[in-house]
Amino acid sequence: MADFQLAYAYSQFKEERSAWRAVIHLNLVRSVNTILDVLGWALSRSSSQSQSPRSSSPTRSPRPSVARPSTSTTVSANRGASSTLTGTTLSSGDMLIQDDLDGEDDLDDDEPFNWSSPSPLSDRHRLLQLRLAPLRQVQRDLERSLGAATTEAQEYAGTAAPWERCDGAGRRPREFSVTSRTGWKTALRRVKSGYNAARRGSFGSREEGKTDLNYVEGEGEPQAQTAAEIIASCAEDMAALWADAGVQAVLTQRKMKTRLEEGPGFFLNDVVRVAARDYEPSDEDVVRARLRTMGVQEYRFRKGACRLDADREWMLYDVGGARSLRNAWYPYFDDINALIFLAPISCFDERLAEDRRVNRLQDSLLIWKAVCSSTLLAKVQLILFLNKCDLLEKKIQRGVQVSQYVTSYGTRPNEAKAVAKYFRQQFKDVFLKHSPEKRTFYSYLTSVVVCRFALRGVLKLTFIGQLQ
Ligand SMILES: Nc1nc2c(ncn2[C@@H]2O[C@H](COP(=O)(O)OP(=O)(O)OP(=O)(O)O)[C@@H](O)[C@H]2O)c(=O)[nH]1
Ligand SMILES: [Mg+2]
């Protein structure tokens, strides 16, 4: 969303930019804490291995098994539309997706590391662990000052990997998010100035001015400042942690390295700059930051929407993509000109955070199908962005085989261009089969982080062509 603001409401974007510091700090600290979790787990593994190679951790709690569907599932282009946007109806059809994805959750707590001995971990790593321990509290404080604590739902994201912090049943806590009840913009403003900003938005409706926010006025700023101080004092250790060969070996072995680096909101490569006391986020940082939206956010753009109609006001609604929030989209469907649908096509080998059994690409295609079939949207121009092409390219370059996850891809070349073309065709087939009325298929391959100016061009074309 930040990309849209950057392209169309730059002054507003600039105003909010410094407030993003807390979000970016939170992104950074979350990455470090994730690494510390893996490291802690690996240290306990390596010490128990050195004592008794086959013994398991005494603190290990049993993990429930996840029911898995059979060998592969199919995204159908033939079936009738699902009546809700949360539907995950599967049937035989076009794109076959393998259920057994990368196996990242299949790690056994008892599984030893395949260290080429000796273990790359030592007391130095325990020291780093200790020195970075204050970042746990920093994460909690930042989440609190951004408003999450008051609204976080008790939602769990399936079975946790062994290194993840879990409740007694082995379930992982949900990803940090800011809901529209507080409004992330409000949270940002609060962090920036402690100002009791107007509360806006309400979950699942277009009403404004709801005041169900429960926070202490002015609390955010001091907490964010303290967090920034601690982060600055931990900068060297964070950099050392990320640069450490032993840590990198653990992350690589646990398939965490690329997941972290290619994941959203990754700032560890910029740790020195981001952790500095005088850090001010750049435009690029804000675009790269991850702040999950839950609910619906409203944006107004006046000028610059298009050259031919500079004074027209544009309303843009950004909806949270999480499964539990999709029904909140409906109130917006009856009165819009265009719907921009972003489908991250690099996610063909990933699972939903909300349900680790569901492939992300498959999920996108199913929502796309529901959107295409909706009679409420029959006259709305649908614009499809097949996004995260840069990550798709990276993944393929490091040897990930698409056909291993999307079995229907068959023997087509394992090249980003061909893969993107194939995925685009799947979305197009669904569009053509399920649109209640004849309409043109508009789709664009995008990488919003890498080429935001290209995106800007695309958007201009789209708005001029379709919304006037
Ligand atoms: N590398 C890369 N990262 C991207 C791209 N598009 C988005 N991201 C990153 O993905 C993260 C999530 O982006 P958001 O726009 O917040 O995601 P969202 O789809 O709104 O997700 P919800 O708010 O949960 O619905 C951010 O860290 C972005 O920088 C892309 O094309 N390439
Ligand atoms: Mg969002």
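Residues numbered from 1 in each chain as written. Chains lettered and ligands numbered in written order. Predicted model: local features only at pLDDT ≥ 70, side-chain atom pairs only at ≥ 80, totals over all residues.

Asks: Please explain the overall build of the protein as it appears in this structure.
Replies: Tallying secondary structure elements over the protein gives 18 helices and eleven strands in all. When the 468 residues of the protein are sorted by exposure, 33% land in the buried category. Counting only contacts in the protein whose residues sit at least 6 apart along the sequence, the fraction spanning at least 24 positions is 76%. (Helix = DSSP H or I, 4+ residues; strand = E, 2+ residues; numbered from the N terminus. Buried ≥ 20, exposed ≤ 12 C-beta atoms within 10 Å, placed from the backbone. Contact = placed C-beta atoms within 7 Å.)

Asks: Whenever I open this one, the site of ligand 1 confuses me. Can you help?
Replies: Lining the immediate environment of ligand 1, one finds 21 residues, of which Pro-264, Arg-290, Thr-293, Gly-321 and Val-449 sit closest. Secondary-structure elements contributing two or more residues to the shell around ligand 1 are helix H13 (283–288) and helix H15 (389–397). The class makeup of the residues in the shell around ligand 1 is nine nonpolar, seven polar and five charged. (Near = placed C-beta within 6 Å. Nonpolar A, V, L, I, M, F, W, Y, C, P; charged D, E, K, R; others polar.)

Asks: Explain the sheet that holds strand S9 (residues 338–344) here, please?
Replies: Two strands in a sheet stick together by hydrogen bonds in their backbones, pointing the same way (parallel) or opposite ways (antiparallel). With parallel pairing, three strands are arranged side by side in an open sheet as S9-S10-S11. In the strand order of this sheet, the two ends are held by S9 and strand S11 (442–445), each with one partner. Between one strand axis and the next, the sheet turns by 20° as a mean value, whatever way the strands run. Sheet topology places strand S10 (residues 381–387) next to S11; four bridges connect them, and they run parallel. Pairing of Ile-383 across the sheet is with Tyr-442, part of S11. (Pairing = 2+ DSSP bridges. Axes fitted to C-alpha atoms, helices over the stretch in contact; angles between N-to-C directions.)

Asks: How do you make sense of helix H14 (residues 360–373) when you look at a structure like this?
Replies: Each α-helix winds once per 3.6 residues, and so residues spaced three or four apart point in a common direction. Taking 1.5 Å as the rise per residue, H14 with 14 residues should run 20 Å; its terminal C-alpha atoms sit 20 Å apart, in good agreement. H14 sits mainly inside the fold: 14 of its 14 residues count as buried. (Expected span 1.5 Å × (residues − 1).)

Asks: Explanation requested: the nonpolar core in the structure shown.
Replies: Side chains of a nonpolar character, in soluble globular proteins, are inclined to be buried together. In this structure, Val-23, Val-29, Val-32, Ile-35, Leu-132 and Leu-142 are the most contacted members of the largest nonpolar core, which totals 39 residues. Those elements that place two or more of their residues in this core are helix H3 (20–51), helix H5 (134–145), helix H8 (220–233), helix H9 (235–243), helix H10 (245–253) and helix H12 (271–275). Sort the elements by how many residues they give to this core and H3 lands first, with 13 residues. Leave out the neighbours within four places in its chain, and Leu-142 touches Ala-22, His-25, Leu-26, Val-29, Ala-224 and Ala-227. By size, the runner-up hydrophobic cluster in this structure holds 35 residues, among which are Leu-382, Phe-385, Tyr-409 and Phe-431. (Core = buried A, V, L, I, M, F, W, Y, C linked by C-beta atoms within 7 Å.)

Asks: Can you walk me through the environment of Ser-374 in this structure?
Replies: Here Ser-374 lies in the loop between H14 and S10. As a C-alpha pair, Ser-374 and Phe-333 span 41 residues in sequence and 9.2 Å in three-dimensional space.

Asks: Is there a simple way to think about the packing of H14 against helix H17 (residues 416–434) in this case?
Replies: Packed helix pairs are specified by the crossing angle of their axes together with the interaxial distance, meaning the distance between the axes. One can describe the packing of H14 onto H17 by two numbers: an axis separation of 8 Å at closest approach and a directional angle of 30°. Here H14 is positioned roughly parallel relative to H17, judged by the angle of their axes. Note on packing geometry: the crossing formed by H14 with H17 is right-handed. Here Leu-365, Trp-368, Lys-369, Cys-372 and Ser-373 of H14 lie close against H17, whose contacting residues are Gln-426, Phe-427, Val-430, Phe-431 and His-434. (Parallel < 35°, antiparallel > 145°, perpendicular 65-115°, else oblique. Left-handed = near helix turned anticlockwise from the far one by under 90°.)

Asks: How do you make sense of H10 when you look at a structure like this?
Replies: Taken as a whole, H10 has its buried residues at Val-247, Val-250 and Leu-251. Considered in projection along H10, the buried side chains sweep an arc of 95° and stay on one side of the axis. Relative to its buried face, H10 has exposed residues pointing more than 90 degrees away, namely Ala-245 and Thr-252. Just downstream of H10 lies Lys-255, where phi reads positive at about 55°. (Arc of directions from axis to C-beta.)

Asks: Can you help me understand unusual backbone geometry in this one?
Replies: Leave glycine aside and you will find that most residues have negative phi; peptide bonds, for their part, are mostly trans. If you check the backbone angles, Lys-388 has positive phi at about 60° while not being a glycine. Along the polypeptide, Lys-388 turns up in the loop between S10 and H15.

Asks: What exactly am I supposed to notice about the pairing of S9 here?
Replies: Consecutive side chains along a regular strand alternate between the two faces of the sheet. Here S9 runs beside S10; their pairing, made up of seven bridges, is parallel. Bridging across to S10, Ile-340 finds its partner in Ile-383. For the handedness criterion, the β-α-β arrangement of S9, H14 and S10 is classed as right-handed. (Right-handed = clockwise from strand over helix to strand, strands pointing away.)

Asks: I would appreciate a short explanation of the environment of Tyr-332 in the present structure.
Replies: Following the sequence through the fold, Tyr-332 ends up in the loop between strand S8 (314–319) and S9. Tyr-332 gets classed as partly exposed once you count the C-beta atoms within 10 Å, which come to 18. Separated by 295 residues in the primary sequence, Tyr-332 and Asp-37 place their C-alpha atoms 41 Å from one another.

Asks: I tried to follow the environment of Arg-254 on my own but got confused; where do I start?
Replies: Locating Arg-254 in the fold gives a position in the loop between H10 and helix H11 (257–261). Look at Arg-254 and you get partly exposed, because 18 C-beta atoms sit within 10 Å. The spacing of Arg-254 and Phe-423 is 169 residues in sequence and 29 Å in space, taken between C-alpha atoms.

Asks: Sorry, what's going on with the confidence of the model for the protein here?
Replies: It should be kept in mind that the predicted coordinates are not to be read in detail where pLDDT is low. Taken residue by residue, the protein gives an average pLDDT of 72. The fraction at 70 or more is 60%. Confidence drops under pLDDT 50 across residues 53–93; counting only partners more than four residues distant or on other chains, this segment forms 81 contacts. Segment residues 148–182 is flagged for pLDDT under 50; beyond a separation of four residues in sequence, or across chains, it makes 85 contacts in the model. We note a pTM of 0.75 for the whole complex and an ipTM of 0.97 for its interfaces. (pLDDT = per-residue confidence, 0-100.)

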